[in-house]
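Residues per chain are reported as follows:
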Amino acid sequence: MGLEEKLPSGFLLTTVEKAAGLARKSSVFPATFGLACCAIEMMTTGAGRYDLARFGMEVFRGSPRQADLMIVAGRVSQKMAPVVRQVYDQMPNPKWVISMGVCASSGGMFNNYSIVQGVDHVIPVDIYLPGCPPRPEMLLDAIIKLHEKIKDEKLGVNREQAAREAEEAALKALPTIEMKGLLR
């Protein structure tokens, strides 16, 4: 004799985690952080033709303290890396990152000393978006995939511990320039 039998038919039952996940995925606020040509495509995605407002993301926030999603759009130079990290650290938890474009994901064609060979060496990345530059439709697809990930995330201490471990693993990863095998 469960609770379901005592409630009228059509009554919706859920868990707190699922309700919180649904609320979080429907109210993601991206930070304005464009570094190169991918930023033009990111701005296009926010315009009327692609309409991010359908996903509850119509306003790109100017302050990291008001944002919970950082879309790193473009190449990250060595001088910009500490700024990227500072903006990420100023964002409130929970926070997510999309690495937009091949330059942000792996350094792209800029395999030199001045460009970070993947923003994941500076901050943990949730979704990698390939392309040079990726189309707005691709960014929308990445955002939808991130929404699914947000919806299924756990709450509380277990989530914080998993986020810390993921960040430590990302920062300890071998830089792409030092990898051997098919890359060289």
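Residues numbered from 1 in each chain as written. Predicted model: local features only at pLDDT ≥ 70, side-chain atom pairs only at ≥ 80, totals over all residues. Heavy atoms only, no water.

S.K.: Which parts of the structure should I look at to understand the environment of methionine 43?
M.R.: Turning to its location among the elements, methionine 43 is positioned in helix H3 (residues 38-46). Along the primary structure methionine 43 and proline 136 are separated by 93 residues, whereas in three dimensions their C-alpha atoms are 8.7 Å apart. (Helix = DSSP H or I, 4+ residues; strand = E, 2+ residues; numbered from the N terminus.)

S.K.: What exactly am I supposed to notice about the packing of aromatic side chains here?
M.R.: Aromatic ring pairs: the centre-centre distance and the angle between the two ring planes describe each pair. Using the criterion set out here, one finds 0 aromatic pairs in the structure. Its guanidinium or amino end placed over the ring of phenylalanine 29, arginine 61 lies 4.4 Å from that ring's centre, counting from NZ or CZ. Seen from the ring of tyrosine 88, lysine 95 lies directly overhead, with NZ or CZ sitting 4.3 Å from the centre. (Phe/Tyr/Trp six-rings, centres within 6.5 Å; stacked < 30°, edge-to-face > 60°. Lys NZ or Arg CZ within 6 Å of the ring centre and 35° of its normal.)

S.K.: Mind showing me how you'd approach the pattern of salt bridges here?
M.R.: Where charged atoms of side chains with opposite charge meet at close range, the side chains can pair. Using the criterion set out here, one finds 5 salt bridges in the structure. As a salt-bridge pair, lysine 149 and aspartate 126 come within 3.0 Å of each other at their nearest N and O atoms. In this pair, lysine 149 is assigned in helix H6 (residues 136-151) and aspartate 126 in the loop between helix H5 (102-106) and strand S4 (127-129), connecting sequence segments 23 residues apart. In this structure, the salt-bridge partner of glutamate 137 is arginine 135, at a minimum N-O distance of 3.4 Å. Taking the relative accessible area as the measure of exposure, glutamate 137 reaches 39% and is therefore partly exposed. (Salt bridge = Lys/Arg side-chain N within 4 Å of Asp/Glu carboxyl O. Buried < 20%, exposed > 50% of the residue type's maximum accessible area, 1.4 Å probe, protein only.)

S.K.: I would appreciate a short explanation of the packing of H3 against H6 in the present structure.
M.R.: What describes two packed helices is the angle between their axes and the distance between those same axes. The N-to-C vectors of H3 and H6 enclose an angle of 70°; their axes lie 9 Å apart at closest approach. Looking at the two axes, H3 sits roughly perpendicular to H6. For the pair H3 and H6, the contacting residues are Glu41, Met42, Thr44 and Thr45 in the first and Pro136, Leu139 and Leu140 in the second. Within the contact of H3 with H6, the residues separate by chemical class into 4 nonpolar, 2 polar and 1 charged. (Axes fitted to C-alpha atoms, helices over the stretch in contact; angles between N-to-C directions. Parallel < 35°, antiparallel > 145°, perpendicular 65-115°, else oblique. Contact = heavy atoms within 4.5 Å. Nonpolar A, V, L, I, M, F, W, Y, C, P; charged D, E, K, R; others polar.)

S.K.: What exactly am I supposed to notice about the sheet that holds strand S3 (residues 96-100) here?
M.R.: Within a beta sheet, neighbouring strands are joined by backbone hydrogen bonds and run either parallel or antiparallel to one another. As summarised here, the arrangement of the 4 strands in space is S1-S2-S3-S4, forming an open sheet in which the pairing is parallel. Each of the sheet's edge strands pairs with one partner strand only, and the pair in question is strand S1 (30-31) and S4. Note: strand S2 (residues 69-73) against S3, 5 bridges, orientation parallel. Among the inter-strand pairings, leucine 69 is bridged to a residue of S3, identified as tryptophan 96. In the packing of H3 onto the sheet, contacts are made with S2 and S3, and the angle to S2 comes to roughly 135°. (Pairing = 2+ DSSP bridges.)

S.K.: Looking at this model, I keep getting lost on the pairing of S2. Mind explaining?
M.R.: Counting buried positions over the 5 residues of S2 gives 5, a clear majority of the element. Burial along S2 is two-sided: the face carrying Leu69, Ile71 and Ala73 and the face carrying Met70 and Val72 are both buried. Sheet topology places S1 next to S2; 2 bridges connect them, and they run parallel. What sits directly across from alanine 31, in S2, is methionine 70. Regarding the hand of the β-α-β motif, the stretch spanning S1, H3 and S2 is left-handed. (Right-handed = clockwise from strand over helix to strand, strands pointing away.)

S.K.: Just checking my understanding: could you explain the pairing of S3 for this structure?
M.R.: Looking down a regular strand, the side chains alternate between one sheet face and the other. Among the 5 residues in S3, 5 count as buried, and that is most of the element. With burial as the criterion, each face of S3 is covered, one bearing Trp96, Ile98 and Met100 and the other bearing Val97 and Ser99. Tracing the backbone out of S2, into helix H4 (residues 81-90) and back to the parallel element S3 gives a crossover that is right-handed.

S.K.: Before we go on, may I ask you to explain the layout of surface pockets in this structure?
M.R.: For the largest pocket, the calculated volume is near 560 Å³. Lining the largest pocket are 25 residues, with Lys95, Arg159, Ala162, Ala163 and Arg164 sitting closest to its centre. Looking at the lining of the largest pocket, the elements that each hand over two or more residues are H4, S3 and helix H7 (157-172). No other element matches the 8 residues that H7 contributes to the lining of the largest pocket. Of the voids in this model, the second largest pocket is the one considered here, and its volume is about 200 Å³. Around the second largest pocket sit 10 residues that line it, and Glu17, Lys18, Ala19, Lys151 and Asp152 are the ones nearest its centre. Examining the composition of the lining of the second largest pocket, we find that 4 residues originate from one element, helix H2 (residues 16-25), more than from any other. Residue classes in the lining of the second largest pocket are distributed as 2 nonpolar, 2 polar and 6 charged. (1 Å grid on protein atoms, 1.4 Å probe; cavity = no way out; pocket = protein on both sides within 12 Å on 5 of 7 lines; lining within 4 Å. Points joined across faces, edges and corners; volume = space filled by probe spheres on them.)

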